[in-house]
Amino acid sequence: MNKGELKVLLKTVKENNYEVPKGYKSFDLALEMVDYLGDTDGELRDKLCFSILSKWIIDNVLTKEEIYKILYICLDENHLLCGLGRTDDTSFVRAFSVLIVGSVLYNHRHDKFLSKNDIDIIFEKVIKFYDEDIDVRGYVEGKGWIDSVCHGADTLDELARCEEIDYNDLKRILSSIHNKIIISKYGYIYEEDERIVTAVVSVLERKQIPEVEIIQWIKSFEKMTEVKVYPHDLIIYVNVKNLFRSLYFRLNNRFEFQNIVDVLHEILENTNRYKNNTYN
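As the structure is a prediction and not an experimental result, all values here were calculated from the model.

Analysis parameters
- Residues numbered from 1 in each chain as written.
- Predicted model: local features only at pLDDT ≥ 70, side-chain atom pairs only at ≥ 80, totals over all residues.
- Heavy atoms only, no water.
- Buried < 20%, exposed > 50% of the residue type's maximum accessible area, 1.4 Å probe, protein only.
- Helix = DSSP H or I, 4+ residues; strand = E, 2+ residues; numbered from the N terminus.
- Arc of directions from axis to C-beta.
- Contact = heavy atoms within 4.5 Å.
- Salt bridge = Lys/Arg side-chain N within 4 Å of Asp/Glu carboxyl O.
- Core = buried A, V, L, I, M, F, W, Y, C linked by side-chain atoms within 4.5 Å.
- Phe/Tyr/Trp six-rings, centres within 6.5 Å; stacked < 30°, edge-to-face > 60°.
- Lys NZ or Arg CZ within 6 Å of the ring centre and 35° of its normal.
- Bend = angle between axes of the 7 residues up to and from the residue.
- Polar contact = N/O pair within 3.5 Å; in protein donor to acceptor, adjacent residues only side chain to side chain.
- Axes fitted to C-alpha atoms, helices over the stretch in contact; angles between N-to-C directions.
- Parallel < 35°, antiparallel > 145°, perpendicular 65-115°, else oblique.
- Left-handed = near helix turned anticlockwise from the far one by under 90°.
- Nonpolar A, V, L, I, M, F, W, Y, C, P; charged D, E, K, R; others polar.

A.B. asks: Tell me about helix α4 (residues 64-74), and please be specific about residues and values.
C.D. replies: Residues of α4 that are buried include every one of Glu66, Ile67, Ile70, Leu71 and Cys74, and no others. Seen end-on, α4 carries its buried residues on one side only, within an arc spanning 145 degrees. Where α4 is buried, its residues contact α2 (26-35), α3 (42-58), α5 (90-111) and α6 (116-132).

Here's what the structure looks like:
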């Protein structure tokens, strides 16, 4: 069916509590939705295709074999890795493919249908995407959300929760997050820090990385690269500060993370440029 027909049909799916419409097979429709994950029509891409496909994956409307096939389509060169390293409309398909991968991981965590090899493949491709995707735009007027920083963080969160992910993998997740935060070309304004912190907390909750190494990771941001160009250094500073604030308040009432909270508090105090009503 054409784009207009698909859009009308998918609207009825949402109106009918995500039920598969009579006369259609869920997998056939799922494949059509995958084809539109990168469409520049925000309603079709986000509100319909992603929303319905994710719901069908999580609720097992699709079989495990069908979910598996969807997973590997979303991981391929035409989806998660499409146009990697470019800032253009290919960003939409990357950003929404990684969300579908996250939905598959959520399903796996509850039903355990992926192999360790599958998880390893997913991990490597998601990390590659998060490390190499340079399009960090959030909302694009007339086209809707790209938000790949948030979407990638959501999937890193799902990975961090998977029991197949070990100490070394968790360290790589933190490293990838570190590099995504210390950018100088874009100040995050769409609460990217909160979505990223969700992934960080999931890493901490696995208890695989010793506390001393978590503190070392936090302190590594103090050695952030300065480009000596205004406002680029300020952008890095604010991105890091927002991350630390969000992490501080997320952990503040959790006794098991008190030492980490204390370190965050100290860094935020020491780096506050307005603490004495002066700007340095």
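Structure's up, so let's keep going.
A.B. asks: Talk me through the pattern of salt bridges; I want residue IDs and the actual numbers.
C.D. replies: Taken as a whole and judged by the stated rule, the model has 21 salt bridges. For the salt bridge of aspartate 135 with arginine 137, the shortest nitrogen-to-oxygen distance reads 2.7 Å. By relative accessible area, aspartate 135 is classed as buried at 1%. Taking the relative accessible area as the measure of exposure, arginine 137 reaches 28% and is therefore partly exposed. Bridged by salt links that share partners, the residues Lys7, Lys11, Asp41 and Glu43 form one connected network.

A.B. asks: Break down the nonpolar core for me, with residues and values.
C.D. replies: Inside soluble globular proteins, nonpolar side chains tend to come together where they are buried. Ile122, Ile173, Ile177 and Ile218 are the most contacted members of the largest nonpolar core, which has 91 residues in total. The greatest single-element share of this core, amounting to nine residues, is contributed by α5. Excluding residues that lie within four positions of it along the chain, isoleucine 173 makes contacts with Phe123, Ile127, Leu156, Leu159, Ala160 and Val203.

A.B. asks: Quick one: what's the story with unusual backbone geometry, residue by residue and with numbers?
C.D. replies: A positive phi angle, close to 60 degrees, is found at asparagine 17, a residue other than glycine. Within the fold, asparagine 17 resides in the loop between α1 (3-15) and α2. Phi angles above zero are rare outside glycine, and lysine 112 is one such case at about 50 degrees.

A.B. asks: Any details on the packing of aromatic side chains? Residues and values, ideally.
C.D. replies: Enumeration over the complete set of coordinates arrives at nine aromatic pairs. For the ring pair phenylalanine 50 and phenylalanine 96, a centre distance of 6.1 Å and an interplane angle of 65 degrees mean the geometry is edge-to-face. Residue phenylalanine 50 is located in helix α3, and its partner phenylalanine 96 is located in helix α5; the two are separated by 46 residues in the primary sequence. Aromatic side chains tyrosine 68 and tyrosine 72 sit 5.0 Å apart centroid to centroid with 45 degrees between the ring planes, which places their arrangement in the tilted category. Of this pair, tyrosine 68 and tyrosine 72 are both found in helix α4, four residues apart, which corresponds to roughly one turn of the helix. Taken together, the ring pairs in this structure connect Tyr139, Trp145 and Tyr190 into an aromatic cluster. Over the aromatic face of tyrosine 18 sits the side chain of lysine 55, whose NZ or CZ is 5.6 Å from the ring centroid. The ring of tyrosine 130 carries lysine 180 above its face, with NZ or CZ at 4.9 Å from the centroid.

A.B. asks: Which residues make up α3, and what values do they have?
C.D. replies: At cysteine 49, α3 shows its maximal bend, which comes to roughly 30 degrees. With 13 of 17 residues buried, α3 lies mostly within the body of the structure. The N-cap residue of α3 is aspartate 41: its side-chain oxygen and the backbone nitrogen of glutamate 43 are 3.0 Å apart. One or two steps after α3, the chain reaches asparagine 60, where phi turns positive at roughly 60 degrees.

A.B. asks: I'd like to hear about the packing of helix α7 (residues 148-161) against helix α8 (residues 167-181), residue by residue, with values.
C.D. replies: Relative to each other, α7 and α8 sit at 165 degrees, their axes nearing to 11 Å. Judged by the inter-axis angle, α7 sits roughly antiparallel to α8. Handedness of the crossing formed by α7 with α8: left-handed. Counted together, Val149, Leu156, Leu159 and Ala160 of α7 and Leu170, Ile173, Ile177 and Lys180 of α8 form the full contact between these two elements. Across the contact of α7 with α8, the residue classes break down as seven nonpolar, no polar and one charged.

A.B. asks: Talk me through the side chain of histidine 108; I want residue IDs and the actual numbers.
C.D. replies: Its place among the elements puts histidine 108 in helix α5. Other than its neighbours up to four places away in sequence, histidine 108 contacts Phe113, Leu114, Ile119, Cys162 and Glu164.

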